[in-house]
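The residues making up each chain are set out below.
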Amino acid sequence: MRRVLKLLLAMLGATRSALFGSSETRWADAWQALREGLAEARKASAEGVQAVQMEARLYAAAVGAPGLRPLQYALDRLLPSALVPKMEAALEQALADFAQSNNPVRSARLKQFKVGRELPRLTAARMYDLGEDALAVDVEMDWASSLTARVEIVSAGVGARVPVTLHNLRFTGPVRLVVTGLQSTAPGFGALLLSFPTAPSIGLEVRVAGGEVTRLPWLRTEVQKTIKRAVAERLLWPQRIVIPAEAPPARETPRPPFLDPSKLAALAHDDPLLAAERALAAQPALEDSRRQPTRWDRVKSVVRAVSVGGV
């Protein structure tokens, strides 16, 4: 609507300049500016409607808490087997980055990792229509976990070993799940992609050697900053975790991942939902502000041409 309004205002300005000019052809110039301006406005309006329709097709449905029971059931069973190892590996990498980016710390090593009994609670979801080969959903998640991670931090200089416990992780925000390679044969899909469409709210408590973190006031802030940075670098959309589906074993012989390595490597950077978002963003009505002025440069050129002709 803003683009159409800009075009109409430019058209009216060009028409006014033509009518109040001193050119002998001012009526013809005004009519030309009116026709070209209306054509541009009509085109911009059609492009806007097309973008709205495309976005409406992409967002298939919104689901409330009662409709999330199947997803909640799947999450309750996926968390211990498939997601906990990924979370542990991500925390180990975050601790390694933490040690490298802090002078007072020589090393930070994960000694124990337990998720606990508290499971994430799903509160709402948005479904995406990606065709027959993939599906995607954004799920609002609230997780006041009983997660416990015991970390051994070795200080620089004297090399003192400081036992640190991270616990009571609190997570609130959306989680994006993309299922690719849908098929009729087991396991039914090729890979799961996990990411955060927007930065979640993350909180945790830090204890040092059984006491409060006030003994090392910088530690809690640095740990939280490191975790948030790790989330942004590895999990914030379009970054993602790729969990390949494994074909069921035959005669006790494990099979390799269902998708070949090249397809799994490609999923680390691209997927059907990201392709659909790029196609939507490429619509002329959704161009960014740096490109919007070029959409009505032709009408502005009419304004300049008519003004010069009037003079």
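Since this is a predicted model, take the numbers as computed values, not measurements. (Residues numbered from 1 in each chain as written. Predicted model: local features only at pLDDT ≥ 70, side-chain atom pairs only at ≥ 80, totals over all residues. Heavy atoms only, no water.)

## So, the UniProt feature "signal peptide" (unreviewed entry) in the protein
Our working definition: UniProt positions are given in the numbering used here, feature names are shortened, and annotations may be inferred rather than shown by experiment. Strands here mean DSSP runs of E at least two residues long; helices mean DSSP runs of H or I at least four residues long; both are numbered from the N terminus.
If you check UniProt for "signal peptide" (unreviewed entry), the listed places come out as residues 1–17 in our numbering. In the segment residues 1–17, helix accounts for 94% and strand for 0%; the C-alpha atoms at its two ends are 24 Å apart.

## As for the packing of aromatic side chains
Filter applied, for reference: Note on ring pairs: Phe, Tyr and Trp rings are taken, using the six-membered ring of Trp, and paired if centres are within 6.5 Å. Classes follow the plane angle, with under 30 degrees stacked, over 60 edge-to-face and the rest tilted. Three exposure classes are used, based on accessible area relative to the maximum for each residue type with a 1.4 Å probe and protein chains only: buried under 20%, partly exposed in between, and exposed over 50%. Here, a charge over a ring means that NZ of Lys or CZ of Arg falls within 6 Å of the ring centre while also lying within 35 degrees of the ring normal.
All told, the structure shown has one aromatic pair when counted by the stated rule. Here the aromatic rings of F171 and F196 are separated by 5.2 Å at their centres, their planes lie at 40°, and the arrangement is tilted. A residue pair is termed long-range when its members are at least 10 positions apart, and F171 in strand β6 (residues 161–180) and F196 in the loop between β7 (191–195) and β8 (201–208) qualify at 25 residues. The residues F171 and F196 share a single accessibility class, namely buried. We note R176 situated over the ring of W237; from NZ or CZ to the ring centre the distance is 4.5 Å.

## Observations concerning helix α6 (residues 272–281)
Defined as follows: Taken from the helix axis, the directions to the C-beta atoms give the arc we talk about.
Every buried residue belonging to α6 is among L273, L274, A276 and L280, and all of these are buried. Viewed end-on, α6 has its buried residues packed into an arc of 160°, placing them on one side of the element.

## Some thoughts on the pairing of strand β4 (residues 134–144)
Where we set the bar: Note on pairing: two strands pair once DSSP finds at least 2 bridges between them.
Across eight bridges, strand β3 (residues 121–129) lies against β4 in antiparallel orientation. Following the sheet pairing, D129 is matched in β4 by L135. Here β3 folds back onto β4 in antiparallel fashion, the turn holding four residues, of which G131 has a positive phi close to 90°. Two strands pair when backbone bridges link them, and β4 and β6 are joined in this way by eleven bridges, in the antiparallel orientation. Bridged to M141 within β6 is G173.

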